[in-house]
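As a plain string of letters, each chain reads:
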Amino acid sequence: MSTICAISTPLAVGGISVIRISGERAVDVAARVFFPFSSRSVYDMPGYTCAYGEVRDKDGGVIDDAVLTVFRTPKSYTGEDVAEISCHGGIFVTRKVLRVCLDAGAVPALPGEFTKRAFLNGKLSLTQAEAVSDTLSAEGDHALRSAALMRKGRLFKSISEVRDTLVKRLGELAAWVDYPDEDIPEVDESELLASLDECKARLEKLLRDFDSGMLIKNGIDTVIAGKPNVGKSTLMNLLLGFDRSIVTDIAGTTRDVIEETARLGALTLKISDTAGIHSTDDRVEKMGVRLARERLKECALIIAVFDISEPADDEDRELLEFINGLHKKVVIVLNKTDKAAADRTAFEKYSDHIIAISAASGEGREQLTEVIEKMFTPQDYNADTTIFANDRQKLCAESALGCIDDALAALKSGLTLDAVTVMVDRAAEHLFELTGEKASEAVVNEVFAKFCVGK
Ligand code: GDP
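As the structure is a computational prediction, the values presented were derived from the model and not from experiment.

Caption draft 1: Quick look at the overall build of the protein. Each helix and strand in the protein was counted, giving 14 helices and 13 strands. Looking at the protein as a whole, 50% of its 455 residues are labelled buried. The contacts in the protein between residues at least 6 apart in sequence include a share of 66% that link residues at least 24 apart. For the protein, the exposed surface amounts to about 22,000 Å²; the carbon and sulfur share of it is 52%.

Caption draft 2: Just the environment of R293, in detail. One can find R293 in helix α9 (residues 283-298). Separated by 29 residues in sequence, R293 and F322 place their C-alpha atoms 8.9 Å apart.

Caption draft 3: Inspection of the sheet that holds strand β7 (residues 107-108) at higher detail. Spatially, the seven strands line up as an open sheet ordered β3-β4-β5-β6-β2-β1-β7, and their pairing is mixed. With partners counted over all chains shown, the strands left at the sheet margins are β3 (34-36) and β7, one partner each. Two strands pair when backbone bridges link them, and strand β2 (residues 14-22) and strand β6 (residues 82-89) are joined in this way by eight bridges, in the antiparallel orientation. Each residue of the ladder has a partner; that of G14, found in β6, is G89. Contacts from helix α2 (residues 91-103) reach β1 (4-7), β2, β4 (49-56), β5 (62-71), β6 and β7 within the one sheet, and its direction differs from that of β6 by about 150°.

Caption draft 4: Inspection of the nonpolar core at higher detail. Ranked by internal contacts, the top residues of the largest apolar core, which has 37 residues, are L166, L196, L203, F388 and V420. Among the elements that line this core, the one with the most residues is helix α12 (residues 391-412), at 10 residues. Apart from the residues lying within four places of it in its own chain, the contact partners of V420 are L173, L192, A407, A410 and L411. V29, A30, A66 and I85 belong to the second-largest nonpolar core, a separate cluster that totals 30 residues.

Caption draft 5: Quick peek at the packing of aromatic side chains. With the rule as written, the count across this model stands at five aromatic pairs. Between Y48 and F71, the ring centres sit 6.1 Å apart and the planes meet at 90°, which makes this aromatic pair edge-to-face. Taken as a pair, Y48 in the loop between β3 and β4 and F71 in strand β5 lie far apart in primary sequence, 23 residues in all. In this structure, K455 packs its charged tip against the face of Y77, placed 4.7 Å from the ring centre.

Caption draft 6: Spotlight on α2. Relative to the 18 Å expected for 13 residues at 1.5 Å per residue, α2 spans 18 Å between its end C-alpha atoms, a close match to the ideal helical length. Looking only at α2, the buried set comprises V93, T94, V97, L98, V100, C101 and L102. Immediately beyond the C-terminal end of α2, within one or two residues, lies G105, with a positive phi of roughly 120°.

Caption draft 7: Seen up close, the pairing of β2. Pairing between β1 and β2: four bridges, direction antiparallel. Bridging from a neighbouring strand, I4 pairs with S22 of β2. The loop that links β1 with its antiparallel partner β2 comprises six residues.

Caption draft 8: Layout of the pattern of salt bridges. Taken as a whole and assessed by the stated rule, the structure comprises 27 salt bridges. Salt-bridge contacts for R117 lead to E80; the nearest nitrogen and oxygen are separated by 3.1 Å. Taken as a pair, R117 in helix α3 (residues 113-120) and E80 in the loop between β5 and β6 lie far apart in primary sequence, 37 residues in all. The pair R117 / E80 is uniform in exposure class, with both members buried. For the salt bridge of E429 with K438, the shortest nitrogen-to-oxygen distance reads 3.0 Å.

Caption draft 9: Quick look at the pairing of β4. Where β3 meets β4, three bridges bridge the pair, whose relative direction is antiparallel. Bridge assignment links F34 to a residue of β4, and that residue is V55. The sheet contact formed by β4 and β5 spans eight bridges and is antiparallel. In the sheet register, R56 faces β5, and the bridge partner there is V62. Where β4 folds back onto β5 in an antiparallel hairpin, the turn is made up of five residues, including G60, whose phi is positive at roughly 90°.

Caption draft 10: Region of interest: unusual backbone geometry. Residue P74 is bonded to the preceding T73 through a cis peptide linkage, with omega at 0°. If you trace the backbone, P74 turns up in the loop between β5 and β6. Of note, the phi angle at N229 is positive, near 75°, even though the residue is not glycine. Relative to the helices and strands, N229 resides in the loop between β8 (220-225) and α8 (232-240). Owing to a relative accessible area of 35%, N229 belongs among the partly exposed residues under this scheme.

Caption draft 11: Broad picture of the packing of helix α4 (residues 126-137) against helix α14 (residues 441-449). For the pair α4 and α14, the least separation of the axes is 10 Å and the interaxial angle reads 20°. In this view, α4 runs roughly parallel relative to α14, as classed from their interaxial angle. Between α4 and α14 lies a crossing whose hand is left-handed. Of the residues in α14, those touching α4 at L126, A129 and E130 are V443, V447 and F448.

Caption draft 12: A look at a nonpolar patch on the surface. Taken together, the side chains of L11, V13 and I91 define a hydrophobic patch exposed on the protein surface, amounting to about 270 Å² of accessible area. Its place among the elements puts L11 in the loop between β1 and β2. Overall, the relative accessible area of 39% leaves L11 in the partly exposed class.

Caption draft 13: Quick look at the environment of V97. For V97, the location among the structural elements is in helix α2. By relative accessible area, V97 is classed as buried at 0%. Not counting chain neighbours up to four residues away, the residues in contact with V97 comprise I19, V55, I63, I85 and C87.

Conventions adopted
- Residues numbered from 1 in each chain as written.
- Predicted model: local features only at pLDDT ≥ 70, side-chain atom pairs only at ≥ 80, totals over all residues.
- Heavy atoms only, no water.
- Helix = DSSP H or I, 4+ residues; strand = E, 2+ residues; numbered from the N terminus.
- Buried < 20%, exposed > 50% of the residue type's maximum accessible area, 1.4 Å probe, protein only.
- Contact = heavy atoms within 4.5 Å.
- Areas by Shrake-Rupley, 256 points an atom, 1.4 Å probe, with all protein chains shown as cover.
- Pairing = 2+ DSSP bridges.
- Axes fitted to C-alpha atoms, helices over the stretch in contact; angles between N-to-C directions.
- Core = buried A, V, L, I, M, F, W, Y, C linked by side-chain atoms within 4.5 Å.
- Phe/Tyr/Trp six-rings, centres within 6.5 Å; stacked < 30°, edge-to-face > 60°.
- Lys NZ or Arg CZ within 6 Å of the ring centre and 35° of its normal.
- Expected span 1.5 Å × (residues − 1).
- Salt bridge = Lys/Arg side-chain N within 4 Å of Asp/Glu carboxyl O.
- Parallel < 35°, antiparallel > 145°, perpendicular 65-115°, else oblique.
- Left-handed = near helix turned anticlockwise from the far one by under 90°.
- Patch = residues over 30% accessible without salt bridge, like charges linked within 9 Å, V, L, I, M, F, W, Y side chains within 5 Å.

Here is the structure:
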């Protein structure tokens, strides 16, 4: 296999950059470009050791001072010999170090190729590799924690247990079906039923948690709605933590839908601040209002804002009725508590979640965070819940579940055991595909194509 090389840090100016080399010739490539200040030879460096020295081009010109770290097979990320050069984090210098490594015999790594090699060398399961990708894209505590658990192999273990149960039953079934004349104990159908039922329940739980997990991981699609001037933009800024929307005193200034990402406790909200939902004659604003209503229909959470320093009017009631008809998760925010005391009575029939805040001063932000966290974190869901990382894994689990359902139906309707065997076998295959133990090359390539170069 070739020796690959890539810049593993972002190509931007920073403190340090890391150029990673992996493969049989990794140490040789490093020795040709990196010269330790001490008299030691790069070839003699044991695994897990570093050397301070300089990177030189082929004419001996110094490119940069750097630190070389050597990992020896199999104790490295990829399982191969790995050399990492940490140089100064300038774009030009980083590229130059990469160039000399390529000139010394390494070839450019493809996206995700280091992690792919780790998978092919048995350092990671496919689900663990997918977790690496999740760690890179995690935007909130829950997402990061669930990726960390998956990297540790939690999902792999969970799926393997279900699959091992299926395989064990398959063994009994196959022996019974293939050697009916031998003295093999008869398959206990009620035991088989119970064990298939258990596999079914475990997969169903994983699939249920997936939906909550995806919301938590990808961010909750949230709309802040309310008539003009109630404080939507101010609330959005409060949630984002800095001034993003333009806040003015003129009613109707937030015309377009602005989308931002806010971290709220362990959750991530993808928030749009919409044009005020109200009847208007202004053409531009009308478009905004229509857009806002469409967004309300699609989103997962509505934060409806009201100005409690003014009495609720027809526009407020119209918004409440409209939202009520959508049957979504709604938090009613009674804003401007610094100006007046909040009277909840008019709002109570529309939502169980009513929070009084002052978006301007920030008072009430914590209560709002708490309520939203509770709304979106199911009781049996916590940061330690095992979830699928993506649709690929989910589809495999769904297919396996479908086969188990078929097997159960076949058993209950008294079909022959060979029919049941075929279905259980298929279910196990889908789970082998999920963990990557029997994934086709196309599936494996697809998984790693989503990675960045250098990972
Ligand atoms: P939007 O049109 O709903 O986006 O409302 P804005 O966020 O632009 O706010 C309208 C006006 O209300 C601005 O002058 C804000 O400074 C003011 N405002 C917003 N929140 C509060 C609050 O909690 N207390 C007070 N006193 N004023 C607020």
